[in-house]
Amino acid sequence: RLLAPVLNHAISQLHAVAEVHNLLSRHTREIVNVHELIQGISRSLQPLCDFRLSLELGENTAGLAVSSGEAVPIALVLNELVQNARDHGYPGRPVGAIRIILERHATEVCLKVANDGASPSMTPADARFAGMGLTLVRSLLSEKDTSFRLSRESGWTVAEVKYLRPESTFQHLEDDRQANR
(Lines give C-alpha, C1' and ligand atoms only; values in the text may rest on other atoms or scores of the structure.)
Protein backbone atom coordinates (compact mmCIF):
# COMPACT_ATOMS: atom_id res chain seq x y z
CA ARG A 1 0.00 0.00 0.00
CA LEU A 2 2.88 2.37 0.72
CA LEU A 3 4.48 1.53 -2.61
CA ALA A 4 1.37 2.30 -4.68
CA PRO A 5 2.06 6.05 -5.05
CA VAL A 6 5.70 5.44 -5.96
CA LEU A 7 4.79 2.75 -8.48
CA ASN A 8 2.02 4.89 -10.00
CA HIS A 9 4.48 7.76 -10.39
CA ALA A 10 7.05 5.53 -12.09
CA ILE A 11 4.34 4.06 -14.32
CA SER A 12 3.21 7.53 -15.37
CA GLN A 13 6.79 8.48 -16.29
CA LEU A 14 7.08 5.35 -18.43
CA HIS A 15 3.74 6.13 -20.07
CA ALA A 16 4.97 9.65 -20.93
CA VAL A 17 8.07 8.32 -22.68
CA ALA A 18 6.03 5.54 -24.33
CA GLU A 19 3.62 8.15 -25.70
CA VAL A 20 6.50 9.92 -27.44
CA HIS A 21 7.64 6.65 -29.00
CA ASN A 22 4.06 5.81 -30.00
CA LEU A 23 3.68 9.15 -31.78
CA LEU A 24 7.06 8.79 -33.49
CA SER A 25 6.17 5.33 -34.76
CA ARG A 26 3.26 6.81 -36.74
CA HIS A 27 5.40 9.33 -38.62
CA THR A 28 8.30 9.06 -40.98
CA ARG A 29 9.83 12.33 -39.74
CA GLU A 30 11.38 12.52 -36.28
CA ILE A 31 8.91 15.14 -35.04
CA VAL A 32 5.96 15.05 -32.67
CA ASN A 33 2.85 17.23 -32.81
CA VAL A 34 2.61 18.94 -29.40
CA HIS A 35 -1.20 18.69 -29.24
CA GLU A 36 -1.04 14.95 -29.83
CA LEU A 37 1.67 14.63 -27.17
CA ILE A 38 -0.33 16.52 -24.54
CA GLN A 39 -3.52 14.60 -25.38
CA GLY A 40 -1.70 11.26 -25.18
CA ILE A 41 -0.09 12.04 -21.83
CA SER A 42 -3.38 13.21 -20.36
CA ARG A 43 -5.05 9.97 -21.54
CA SER A 44 -2.33 7.90 -19.89
CA LEU A 45 -2.54 9.85 -16.60
CA GLN A 46 -6.33 9.74 -16.31
CA PRO A 47 -6.63 6.07 -15.21
CA LEU A 48 -4.00 6.60 -12.49
CA CYS A 49 -5.85 9.50 -10.86
CA ASP A 50 -9.30 10.47 -9.66
CA PHE A 51 -9.07 14.12 -10.69
CA ARG A 52 -10.81 15.78 -13.62
CA LEU A 53 -8.21 16.65 -16.23
CA SER A 54 -9.03 19.22 -18.91
CA LEU A 55 -7.02 20.57 -21.82
CA GLU A 56 -6.94 24.15 -23.07
CA LEU A 57 -4.85 24.05 -26.22
CA GLY A 58 -4.77 27.42 -27.95
CA GLU A 59 -5.81 27.46 -31.60
CA ASN A 60 -2.53 29.09 -32.57
CA THR A 61 -0.66 26.11 -31.08
CA ALA A 62 -2.26 23.48 -33.33
CA GLY A 63 0.70 23.32 -35.71
CA LEU A 64 3.42 23.24 -33.06
CA ALA A 65 5.75 20.28 -33.22
CA VAL A 66 9.01 19.29 -31.54
CA SER A 67 11.87 17.04 -32.48
CA SER A 68 12.07 13.61 -30.91
CA GLY A 69 14.91 14.88 -28.73
CA GLU A 70 12.75 17.69 -27.33
CA ALA A 71 9.58 15.59 -27.02
CA VAL A 72 10.79 13.35 -24.17
CA PRO A 73 11.79 16.23 -21.84
CA ILE A 74 8.50 18.03 -22.56
CA ALA A 75 6.55 14.82 -21.90
CA LEU A 76 8.36 14.25 -18.60
CA VAL A 77 7.96 17.90 -17.52
CA LEU A 78 4.23 17.73 -18.22
CA ASN A 79 3.93 14.42 -16.40
CA GLU A 80 5.79 15.78 -13.35
CA LEU A 81 3.73 18.97 -13.20
CA VAL A 82 0.44 17.04 -13.32
CA GLN A 83 1.70 14.59 -10.68
CA ASN A 84 2.86 17.49 -8.52
CA ALA A 85 -0.54 19.20 -8.86
CA ARG A 86 -2.27 16.00 -7.81
CA ASP A 87 0.07 15.12 -4.96
CA HIS A 88 0.35 18.58 -3.39
CA GLY A 89 -2.88 20.27 -4.45
CA TYR A 90 -5.21 17.75 -2.88
CA PRO A 91 -3.84 16.47 0.44
CA GLY A 92 -6.48 14.38 2.13
CA ARG A 93 -8.89 14.41 -0.80
CA PRO A 94 -8.50 12.34 -3.95
CA VAL A 95 -10.47 14.51 -6.39
CA GLY A 96 -10.11 17.91 -7.97
CA ALA A 97 -9.67 19.69 -11.26
CA ILE A 98 -6.40 20.04 -13.13
CA ARG A 99 -6.05 22.05 -16.32
CA ILE A 100 -3.26 21.70 -18.87
CA ILE A 101 -2.91 24.91 -20.85
CA LEU A 102 -0.75 25.52 -23.92
CA GLU A 103 -0.46 29.10 -25.19
CA ARG A 104 1.59 30.63 -27.94
CA HIS A 105 2.54 34.29 -27.75
CA ALA A 106 4.65 36.42 -30.07
CA THR A 107 7.92 35.68 -28.27
CA GLU A 108 7.22 32.57 -26.17
CA VAL A 109 5.28 29.36 -25.75
CA CYS A 110 3.75 28.70 -22.32
CA LEU A 111 2.87 25.32 -20.88
CA LYS A 112 0.83 25.58 -17.68
CA VAL A 113 -0.59 23.05 -15.28
CA ALA A 114 -3.16 24.55 -12.91
CA ASN A 115 -5.06 22.94 -10.05
CA ASP A 116 -7.93 24.20 -7.91
CA GLY A 117 -6.57 22.52 -4.78
CA ALA A 118 -4.70 23.78 -1.77
CA SER A 119 -2.35 26.71 -2.08
CA PRO A 120 1.31 25.67 -1.96
CA SER A 121 3.57 27.13 0.68
CA MET A 122 5.32 29.81 -1.32
CA THR A 123 8.54 29.94 0.65
CA PRO A 124 11.85 30.85 -1.01
CA ALA A 125 12.74 27.14 -0.98
CA ASP A 126 9.58 26.38 -2.99
CA ALA A 127 10.41 29.12 -5.46
CA ARG A 128 13.75 27.41 -6.10
CA PHE A 129 12.08 24.08 -6.99
CA ALA A 130 11.92 22.31 -3.65
CA GLY A 131 10.81 18.70 -3.92
CA MET A 132 11.87 15.85 -6.13
CA GLY A 133 9.25 16.43 -8.84
CA LEU A 134 10.13 20.08 -9.31
CA THR A 135 13.84 19.26 -9.12
CA LEU A 136 13.31 16.88 -12.05
CA VAL A 137 11.40 19.58 -13.91
CA ARG A 138 14.28 22.03 -13.40
CA SER A 139 16.83 19.47 -14.61
CA LEU A 140 14.83 18.92 -17.81
CA LEU A 141 14.60 22.63 -18.66
CA SER A 142 17.29 24.66 -20.38
CA GLU A 143 18.39 27.42 -18.00
CA LYS A 144 18.80 30.06 -20.70
CA ASP A 145 15.83 29.20 -22.94
CA THR A 146 13.13 28.54 -20.34
CA SER A 147 11.69 29.91 -17.14
CA PHE A 148 9.59 28.29 -14.44
CA ARG A 149 7.15 29.93 -12.09
CA LEU A 150 4.82 28.59 -9.40
CA SER A 151 2.05 31.00 -8.45
CA ARG A 152 -1.46 31.31 -7.10
CA GLU A 153 -3.98 32.95 -9.47
CA SER A 154 -7.73 33.32 -8.85
CA GLY A 155 -7.97 30.23 -6.65
CA TRP A 156 -5.73 28.10 -8.89
CA THR A 157 -2.15 27.01 -8.26
CA VAL A 158 -0.32 27.45 -11.56
CA ALA A 159 2.98 25.84 -12.55
CA GLU A 160 4.14 27.64 -15.68
CA VAL A 161 6.99 26.76 -18.01
CA LYS A 162 7.84 29.45 -20.55
CA TYR A 163 9.89 28.56 -23.58
CA LEU A 164 11.56 31.93 -24.12
CA ARG A 165 13.10 31.07 -27.49
CA PRO A 166 10.38 28.89 -28.99
CA GLU A 167 12.14 28.78 -32.34
CA SER A 168 14.92 26.74 -30.70
CA THR A 169 12.46 24.16 -29.34
CA PHE A 170 9.36 24.22 -31.52
CA GLN A 171 8.70 23.87 -35.21
CA HIS A 172 5.52 25.08 -36.83
CA LEU A 173 3.85 22.70 -39.21
CA GLU A 174 1.84 24.45 -41.90
CA ASP A 175 -0.37 21.41 -42.04
CA ASP A 176 -0.51 18.54 -39.52
CA ARG A 177 -0.35 16.13 -42.46
CA GLN A 178 3.29 17.16 -42.95
CA ALA A 179 4.14 15.24 -39.80
CA ASN A 180 3.15 12.05 -41.61
CA ARG A 181 5.70 12.47 -44.41
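The structure under discussion appears in the preceding block.
1. Considering the packing of aromatic side chains
Per the stated rule, a full pass over the model turns up one aromatic pair. Here Tyr 163 and Phe 170 contribute two aromatic rings whose centre-to-centre distance is 5.2 Å and whose plane-to-plane angle is 90 degrees, an arrangement assigned as edge-to-face. As far as burial versus exposure is concerned, Tyr 163 and Phe 170 are alike and both buried. One Lys or Arg, Arg 99, reaches over the ring of Trp 156 and ends 4.3 Å from the middle of that ring.

2. Describing the pairing of strand β5 (residues 109-115)
Buried residues dominate β5, accounting for seven of its seven residues. Burial of β5 is two-sided: the residues Val 109, Leu 111, Val 113 and Asn 115 facing one way and the residues Cys 110, Lys 112 and Ala 114 facing the other way are all buried. Pairing of β5 with strand β7 (residues 156-163), which is carried by seven bridges, proceeds in the antiparallel orientation. Counterpart to Ala 114 in the pairing with β7 is Val 158.

3. So, the sheet that holds strand β8 (residues 170-172)
Pairing is antiparallel across the open sheet formed by three strands, whose spatial order is β1-β3-β8. With one partner strand each, in any of the chains shown, β1 (31-33) and β8 form the two edges of the open sheet. Adjacent strand axes in the sheet meet at a mean angle of 40 degrees, parallel and antiparallel pairs treated alike. As defined by bridge partners, strand β3 (residues 64-67) adjoins β8 across three bridges and the pair is classed as antiparallel. Across the sheet, the residue bridging to Leu 64 is His 172, located in β8. Packing of helix α2 (residues 34-45) onto the sheet brings it into contact with β1, β3 and β8, and relative to β1 it is tilted by some 70 degrees. Along the sheet, helix α3 (residues 68-89) makes contact with β1, β3 and β8, crossing β3 at roughly 105 degrees.

4. Structural notes on the sheet that holds strand β6 (residues 146-153)
The five strands are arranged β2-β4-β5-β7-β6 in an open sheet whose pairing can be described as mixed. In the strand order of this sheet, the two ends are held by β2 (52-57) and β6, each with one partner. Put simply, the sheet's adjacent strands are angled 15 degrees from each other on average, direction ignored. Lying over the sheet, α2 contacts β2, β4 (97-104) and β5, oriented at roughly 175 degrees with respect to β2.

Criteria and thresholds
- Numbering of residues starts from 1 in every chain and runs along the sequence as written.
- Confidence filtering applies because this is a predicted model: local features only for residues at pLDDT of at least 70, side-chain atom pairs given and counted only at 80 or more, and all residues used for totals across whole chains, interfaces and linings.
- Side-chain figures throughout are based on the complete set of non-hydrogen atoms in the structure, without hydrogens or water.
- Under the pairing criterion, centres of Phe, Tyr and Trp rings, with the six-membered ring standing for Trp, must be within 6.5 Å; the plane angle then separates stacked pairs below 30 degrees from edge-to-face pairs above 60, leaving the rest tilted.
- For every residue, the accessible area (1.4 Å probe, protein chains only) is compared with the maximum for its type, and the residue is labelled buried under 20%, exposed over 50%, or partly exposed between those bounds.
- Any Lys NZ or Arg CZ found within 6 Å of a ring centre and within 35 degrees of that ring's normal is scored as a charge over the ring.
- Think of it this way: any DSSP run of H or I at least four residues long counts as a helix, any run of E at least two long counts as a strand, and we number them from the N terminus.
- Note on pairing: DSSP must find at least two bridges between two strands before they are called paired.
- For every element, the axis is a line fit to its C-alpha atoms; helices are fit only across the contacting stretch, and the angle between N-to-C directions ranges from 0 to 180 degrees.
- Residue contacts are counted whenever heavy atoms from the two residues lie within 4.5 Å of one another.

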